[in-house]
Amino acid sequence: MFLSITDLFVNYGKLEVLKGVSMEIEEGEISLLLGANGSGKSTLLKTITGLNRPISGSIRFQETKINGMASYDILRLGIAHILEGRKIFPLMTVLENLELGAYSRKNKREIARDIEAMCERFPILGQKRKEQSGNLSGGEQQTLVIALALMTKAKLLLMDEPSQGLSPLLVNEIANTITGLNRDGLSIVLVEHNLRLGLSIADKVYVLENGKIAFEANSTDLSGVEYAQKIYLGG
Ligand SMILES: Nc1ncnc2c1ncn2[C@@H]1O[C@H](COP(=O)(O)OP(=O)(O)OP(=O)(O)O)[C@@H](O)[C@H]1O
Ligand SMILES: [Mg+2]
């Protein structure tokens, strides 16, 4: 199994957020994680990448137990995390940001080659490579966030609301970027409030409710997806 989460419990002090989450994420898929505000989606992603410690339960990535490991080591195993909000380094240039994305890697020549590849894949980043990244537009910054995560050479990418604050046109672009990355072999767990975007690209849909995965379905399972839409939208 690629990523296997078993009976995960996570609290913040007395607040119990995850109360027995179990999930099996398959290699090569786009998994969409839905849930109301405050249901614990970001908490789950942060627990996978070691930013939160679970009280109990286990997380295995390609047969390695990763709960309890440091975030840095989890990244080196191949799980990158795009946090909620645009977490770039605003005072640094586009190029400097991309270099930072490769901080866990050693081969300088490969890093330079990958930076060139990013600038080709995302031409806007190539054009603005010398600019301070805080001056980029929201959509450009989100593109940089994705490129930064790709510089880690991850096998699994966790994306927390990549379309947040973007215009419909840019949302479409992000959707195309995500499907393109997936086609190139990257597995993706996507948290996305834009249901249309999420459902249009996902293979599997999971709904987090009351601290558990209350529902899961293939996105081709229309009755299942309708059900997910209903409980997610409260209809
Ligand atoms: N560091 C923290 N300390 C204390 N409580 C927290 C912390 N982070 C999150 N919470 C609480 O845990 C619950 C789950 O938060 P989380 O951010 O995981 O929700 P979410 O599903 O990502 O919501 P949204 O859709 O709004 O992003 C919320 O009640 C939130 O207030
Ligand atoms: Mg969140």
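Every chain's residues receive numbers from 1 upward, in the order its sequence appears when written. Whichever chain is written first is A, and whichever ligand is written first is 1; the rest continue in order. Where totals are concerned, whole chains, interfaces and linings use all residues; where local detail is concerned, this predicted model gives features only for residues with pLDDT of at least 70, and gives and counts side-chain atom pairs only at 80 or more. Side-chain descriptors were evaluated using all non-hydrogen atoms of the structure, hydrogens and water having been removed beforehand.

**Focus: the nonpolar core**
(1) Moving on: In terms of nonpolar packing, the biggest core is built from 49 residues, with L98, I146, L157, M159, I178 and I188 touching the most fellow members.
(2) Moving on: Runs of E in the DSSP output that reach at least two residues are strands. Runs of H or I that reach at least four are helices, and both are numbered from the N terminus. The element best represented in this core is helix α6 (residues 138-150), accounting for seven residues.
(3) Moving on: Here this core spans two domains, since at least three of its residues come from each of domain 1 (1-78 + 155-235) and domain 2 (88-153).
(4) Moving on: Discounting chain neighbours no more than four positions away, the residues touching I188 are E29, I30, S31, L156, L157, M159, I178, L181 and N182. In this description, a nonpolar core means a group of buried Ala, Val, Leu, Ile, Met, Phe, Trp, Tyr and Cys residues linked to one another through side-chain atoms lying within 4.5 Å. For every residue, the accessible area obtained with a 1.4 Å probe (protein chains only) is divided by the maximum for its type, and the residue is called buried under 20%, exposed over 50%, and partly exposed between those limits. Start and end points for every domain follow an automatic or database-based domain assignment. Residues count as neighbours in contact if any of their non-hydrogen atoms are within 4.5 Å of one another.

**Structural notes on the site of ligand 1**
(1) Moving on: A cutoff of 4 Å decides nearness: a residue is near a molecule or strand if any of its heavy atoms lies inside that distance of it. The local shell around ligand 1 holds 14 residues, among which K41, S42, T43, E84 and H193 are the closest.
(2) Moving on: Pairs of N or O atoms within 3.5 Å make up the polar contacts considered here, provided that, within protein, one atom can donate a hydrogen while the other can accept it, and that residues adjacent in sequence are counted only when both atoms are side-chain atoms. Within the side chain of N37, an N or O atom sits 2.8 Å from an oxygen atom of ligand 1.
(3) Moving on: A distance of 3.4 Å separates an oxygen atom of ligand 1 from a polar side-chain atom of E161.
(4) Moving on: Per-residue and other accessible areas were derived by the Shrake-Rupley procedure at a 1.4 Å probe size, with only the shown protein chains allowed to occlude residues. For ligand 1, whose accessible area on its own is 640 Å², the fraction buried by protein is 61%.
(5) Moving on: Elements that contribute at least two residues to the shell around ligand 1 include exactly β2 (15-25) and α1 (41-48).
(6) Moving on: Looking at the shell around ligand 1 element by element, the count peaks at three residues for α1.

**Points about the coordination of the magnesium ion (ligand 2)**
(1) Moving on: Surrounding the magnesium ion (ligand 2) are the protein donor atoms S42 (OG) and E84 (OE), which sit 2.0 to 2.7 Å from the metal. Taken together, the positions of S42 in helix α1 and E84 in the loop between β6 (79-82) and α3 (94-101) put the pair 42 residues apart, joining distant regions of the chain.
(2) Moving on: Take S42: its relative accessible area is 16%, and that puts it in the buried class. Metal donors: N, O and S atoms at distances within 2.8 Å, or within 3.2 Å for Na, K and Ca, with water omitted from the atom set so that some sites may seem incomplete.

**Structural notes on the domain arrangement of the chain**
(1) Moving on: In terms of domains, the chain is made up of domain 1 (1-78 + 155-235) and domain 2 (88-153).
(2) Moving on: In this complex, domain 1 contributes 16 residues to the contact, which on the side of domain 2 involves 13 residues.
(3) Moving on: Note on definitions: buried area is the accessible-area loss of two parts on being combined, 1.4 Å probe, summed for both. Regarding the contact of domain 1 and domain 2, the summed buried area is about 1100 Å², with carbon and sulfur atoms giving 69% of it.
(4) Moving on: Among the residues of domain 1 in contact with domain 2, Y72, L75 and L181 are the three that bury the most area, contributing 34% of the side total.

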